[in-house]
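Listed below are the residues making up each chain.
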Amino acid sequence: MSSALANYERARAVLTGTVVLLSVSAGVAGFVTVFVVASTFAFAVIQRTRELALLRLVGATPRQVRRMILAEALLLGTVACVVGCLLSLAGAPALAATLVAGGIAPSWFQVAVSPVPLLLSCLMGLGVATLGVSAASRRAATVRPTETLRESAMDTPLSRGLRSPRTLFGLGFLAIAILGMAVITVAMPGISGVPVVYLWVLLMPIAAAALLAPALIPPVIRLLTWPWARGGSAVGLLVRENALTMVRRTAATAIPILLTVGLSITLLGALETIGQARSAETAAQLRADHVLVPDGSTGIRPEALERARSVAGAQIAALTPVTVSAADEFGTVEELSGYAAAPAMLAATTDLPVVAGSLKNLGQDTIVVTEDWERRVGQRVEITPAGGKPVRLKVAAVLRSGIGGADFYLDASHAGRSTPEVAYVKTSPGGAGPLREKTAGQGVQVLTRAEWVAVSRNSDQGTSVIGMMVTLGISVVYSCISIVNTMVMAASGRRRDLVMLRLAGATSRQAVLSLLAESVLVVAVGTVLAVAASSLNFAGLLSALTQLEPAASLAIPWAPVGALTATSALLAVAATTLTARATLKTSAIGRAVAAE
């Protein structure tokens, strides 16, 4: 009965984690969608300036123009929602299978098709599209009828752009990010060790960089193109001035790059950094020379522990997992995970960060808790073990809150019928050989301290990596599609520029290379902004993690980050090259006449 209840509690906890992961993935996808839709429609408004000005010239009011842009967004959003729902019928079961295979979802987890979630998804999609296009529709309404007379396109002067609502919102997001990181570092550093929670703080600098892109891009372009300005390259100067003249166009094409690279560096780097900090914490809190772990998933058998204890001078702390529920000061019931172990052996084989009390005071009627419980030594807490009755225990010691680890420790008498999942072994010099001999054939592995740290990190990181890839994958795929879309729009919208270059004597190859160089510049600008936002994220993350583990350091998985960055660049270059070549297939003179 107790085994069935324990399995039920574990399955329920896993299912809760699945729901949280999918909710976070949807939130991140919505975050990316808002900025992609906003930048795409802003770019479309820039390209349609003459068309919108003609509408204003024939009597359309700003309100009518704005309604037209919103109607277009809703129409396209409706079509996209229908297509997305159809794709989800095949994609959702595949995603569920991936979550089950990765151990993130219970083995019985399946997707049930229902019209209600599909309808809610459509409504959310239309809401996100409306939110993303709102700024572009307001800008479209400000187009003046006299814009039809302009031969060249120019952006809003920078002095006006710095006072725009977009810039103010960007500064607001930046302030929220810095303030949030400071508060977490000082008051709640434990949040930094929970990726699904700290994720929302990490998104703020990326959002700020996207909103501030029109203001940040000019100095970045001048810095990146400084050698061209000094060298006097004709193509270089043309690319530089085109990008500076049309800052909003450059920003619209750079934002998908910023989102792809920024999310990749930040999320993958944050996951790796948190994992490194957890490994450092695990190593610092372990005095044992070796660790016993089961070969299978049934736990460590009593016979194996008895044989290990027969080794001369061996001190063994067998840790049995225990799950309890407890209410906080507001009455909210939380499920907490900890271990039951013999107090003396626990103190001998570990170096837990005790800030008050002593592990030696742990007994049948006491409990060791972390600072997250907000309890003092001597106070009583009420806990309810899984499938058991409530008990009141006195706090024997308080541990410093860490990045990972247990929420509490109980005396071994509270283990019930469960079997230990790990055993810390401290041996006398030369005891490693006898320990391996005694436990041979007992269904356990003997790991060194370093091996245990590596194994625990890999097991923790396994599900986290899958979860992060689910969260990141949906958004990155969408951003990559947006990269191709905006680059195609940018190249096709430059038809008249390509014609003028051809009429001025440039070859087709030179005309294509000028656009190609501009797309490479856009990729570089987006990458620089992404690195800047990620640097702020890592500064805040490390300042919080070092409060929990001084040995925490920055760790970035450069291989996947580099692969995603290279993929973004290749997509941008390929889309620009193919579109520009297709544009130049017909006669340059014929296109010039058609453009006029």
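Note that the coordinates shown come from a computational prediction; the quantities given were computed from them, not determined experimentally. (Residues numbered from 1 in each chain as written. Predicted model: local features only at pLDDT ≥ 70, side-chain atom pairs only at ≥ 80, totals over all residues. Heavy atoms only, no water.)

Asks: What is the right way to read the overall build of the protein chain from this model?
Replies: Helix and strand content of the protein chain: 19 helices and ten strands. By the burial criterion, 44% of the 596 residues in the protein chain qualify as buried. Residue pairs in contact within the protein chain that sit at least 24 positions apart in sequence constitute 82% of those at least 6 positions apart. For the protein chain, the accessible surface area stands at approximately 28600 Å², while carbon and sulfur atoms represent 64% of it. (Helix = DSSP H or I, 4+ residues; strand = E, 2+ residues; numbered from the N terminus. Buried < 20%, exposed > 50% of the residue type's maximum accessible area, 1.4 Å probe, protein only. Contact = heavy atoms within 4.5 Å. Areas by Shrake-Rupley, 256 points an atom, 1.4 Å probe, with all protein chains shown as cover.)

Asks: What is the right way to read unusual backbone geometry from this model?
Replies: Most peptide bonds take the trans form, and the phi angle of most residues other than glycine is negative. A positive phi is found at Glu374, a non-glycine position, where the angle reads about 55 degrees. The exposure class of Glu374 is exposed, given its relative accessible area of 57%.

Asks: Sorry, what's going on with the confidence of the model for the protein chain here?
Replies: Atom-level detail of predicted coordinates should not be read off regions where pLDDT is low. Scored by pLDDT, the protein chain has a mean of 82; 89% of the residues are at 70 or more. For residues 1-6, every residue scores under 50 in pLDDT, and the model assigns this stretch one contact once sequence neighbours within four places are set aside. Every residue in residues 587-591 is under pLDDT 50, and counting partners more than four places away or in other chains gives eight contacts. (pLDDT = per-residue confidence, 0-100.)

Asks: Just checking my understanding: could you explain the pattern of salt bridges for this structure?
Replies: Close approach of charged atoms allows side chains of opposite charge to pair. One pass over the full model with this rule turns up four salt bridges. Residues Arg249 and Glu518 are paired through a salt bridge, measuring 3.3 Å at the closest nitrogen-oxygen approach. Residue Arg249 is found in helix α11 (residues 247-284), and its partner Glu518 is found in helix α17 (residues 508-548); the two are separated by 269 residues along the sequence. (Salt bridge = Lys/Arg side-chain N within 4 Å of Asp/Glu carboxyl O.)

Asks: Please explain helix α18 (residues 558-583) as it appears in this structure.
Replies: Since one α-helical turn is 3.6 residues long, residues separated by three or four positions face the same way. The end-to-end C-alpha separation of α18 is 37 Å, in line with the 38 Å expected for 26 residues at 1.5 Å each. Every buried residue belonging to α18 is among Val561, Ser568, Ala572, Ala575, Thr576, Thr577, Thr579, Ala580 and Thr583, and all of these are buried. (Expected span 1.5 Å × (residues − 1).)

Asks: Please clarify how the state of the cysteines should be interpreted in this entry.
Replies: A covalent bond between the sulfur atoms of two cysteines is referred to as a disulfide. Summed over all chains, the structure comprises zero disulfides. As a non-bridged cysteine, Cys81 has Cys122 as the owner of its nearest cysteine sulfur, 4.5 Å distant. Of the residues examined, Cys81 reaches a relative accessible area of 12% and is grouped as buried. (Disulfide = S-S within 2.5 Å.)

Asks: Explain the pairing of strand β2 (residues 315-327) here, please?
Replies: Where β2 lies against strand β9 (residues 422-426), five bridges are found, and the strand directions are antiparallel. Residue pairing for β9: Ala317 is matched across the bridge by Tyr424. As paired elements, β2 and strand β3 (residues 333-341) share eight bridges and run antiparallel to each other. Residue Pro321 lies in a different strand from β3, and its bridge partner there is Tyr339. One ladder, built from two bridges, connects β2 with strand β6 (residues 380-385); its direction is antiparallel. Looking at the pairing, Val324 lines up with Pro385 of β6. (Pairing = 2+ DSSP bridges.)

Asks: Looking at this structure, how should I read the packing of helix α10 (residues 234-245) against α11?
Replies: Any two packed helices are characterised by the angle at which their axes cross and by the distance between the axes. For the pair α10 and α11, the least separation of the axes is 5 Å and the interaxial angle reads 90 degrees. Classified by the angle their axes make, α10 and α11 are roughly perpendicular. Every residue of α11 that contacts α10 at Asn242, Ala243, Leu244 and Thr245 is listed here: Val247, Arg249 and Thr250. Residue composition of the contact of α10 with α11, grouped by class: three nonpolar, three polar and one charged. (Axes fitted to C-alpha atoms, helices over the stretch in contact; angles between N-to-C directions. Parallel < 35°, antiparallel > 145°, perpendicular 65-115°, else oblique. Nonpolar A, V, L, I, M, F, W, Y, C, P; charged D, E, K, R; others polar.)

Asks: Please explain the packing of helix α7 (residues 195-211) against α17 as it appears in this structure.
Replies: Put simply, α7 and α17 touch, their axes get as near as 9 Å, and they point 145 degrees apart. In this structure, α7 crosses over α17, and the sense of that crossing is right-handed. Packed against α7, whose contacting residues are Tyr198, Val201, Leu202, Pro205, Ile206 and Ala209, the element α17 presents Leu529, Ala533, Leu536, Asn537, Gly540 and Leu541 at the interface. Residues belonging to the contact of α7 with α17 are distributed by class as follows: ten nonpolar, two polar and no charged. (Left-handed = near helix turned anticlockwise from the far one by under 90°.)

Asks: Looking at this structure, I do not really get the packing of aromatic side chains. What am I missing?
Replies: Two measures describe an aromatic ring pair: the distance that separates the ring centres and the angle between the ring planes. Counted according to the given criterion, the structure contains two aromatic pairs. Here the aromatic rings of Trp373 and Phe408 are separated by 6.3 Å at their centres, their planes lie at 80 degrees, and the arrangement is edge-to-face. On the criterion of sequence distance, the pair formed by Trp373 in the loop between β5 (366-370) and β6 and Phe408 in strand β8 (residues 408-411) is long-range, its members being 35 residues apart. Of the two residues, Trp373 and Phe408, neither departs from the other in class, the shared state being buried. (Phe/Tyr/Trp six-rings, centres within 6.5 Å; stacked < 30°, edge-to-face > 60°.)

Asks: What am I meant to see in a nonpolar patch on the surface here?
Replies: A surface patch of nonpolar side chains, amounting to about 260 Å² of accessible area, comprises Val20, Val194, Val196 and Val197. In this structure, Val20 sits in helix α1 (residues 2-47). Take Val20: its relative accessible area is 37%, and that puts it in the partly exposed class. (Patch = residues over 30% accessible without salt bridge, like charges linked within 9 Å, V, L, I, M, F, W, Y side chains within 5 Å.)

Asks: Where do I start with the nonpolar core in this structure?
Replies: The tendency in soluble globular proteins is for nonpolar side chains to be buried side by side. Formed by 66 residues in total, the largest nonpolar core has its most connected members in Phe31, Ile217, Leu259 and Val525. The leading source of residues in this core is α11, at 16 residues. Among the nonpolar cores identified, the runner-up in size contains 21 residues, and Val291, Ala397, Leu399 and Val422 belong to it. (Core = buried A, V, L, I, M, F, W, Y, C linked by side-chain atoms within 4.5 Å.)

Asks: What am I meant to see in α7 here?
Replies: The terminal C-alpha atoms of α7, which comprises 17 residues, lie 24 Å apart, in line with the 24 Å expected from a rise of 1.5 Å per residue. Burial of α7 is extensive: 13 of the 17 residues sit out of reach of the surface.

Asks: Even after reading the chapter, I still don't get the side chain of Arg240, so can you show me in this structure?
Replies: By the secondary structure assignment, Arg240 is in helix α10. The contacts of Arg240, once residues within four sequence positions are left out, are Ile221, Arg222, Thr225, Trp226 and Ala229.

Asks: I'm lost on a negative patch on the surface in this one. Help?
Replies: A grouping of Glu334, Glu371, Asp372 and Glu374 is seen on the molecular surface, where their side chains present a negatively charged patch. Note on placement: Glu371 falls in the loop between β5 and β6. (Lys, Arg positive; Asp, Glu negative; His and termini not counted. Charge placed at Lys NZ, Arg CZ, Asp CG, Glu CD.)

Asks: What's the story with the environment of Arg457 in this structure? I'm lost.
Replies: Within the secondary structure, Arg457 sits in helix α15 (residues 449-492). Separated by 178 residues in sequence, Arg457 and Ser279 have C-alpha atoms that sit 6.0 Å apart. Other than its neighbours up to four places away in sequence, Arg457 contacts Glu272, Gly275, Gln276 and Ser279.

Asks: Is there a simple way to explain the side chain of Thr370 in this structure?
Replies: Relative to the assigned elements, Thr370 resides in strand β5. In contact with Thr370, other than residues within four places in its own chain, are Val398, Leu399, Ser401, Ala406 and Asp407.

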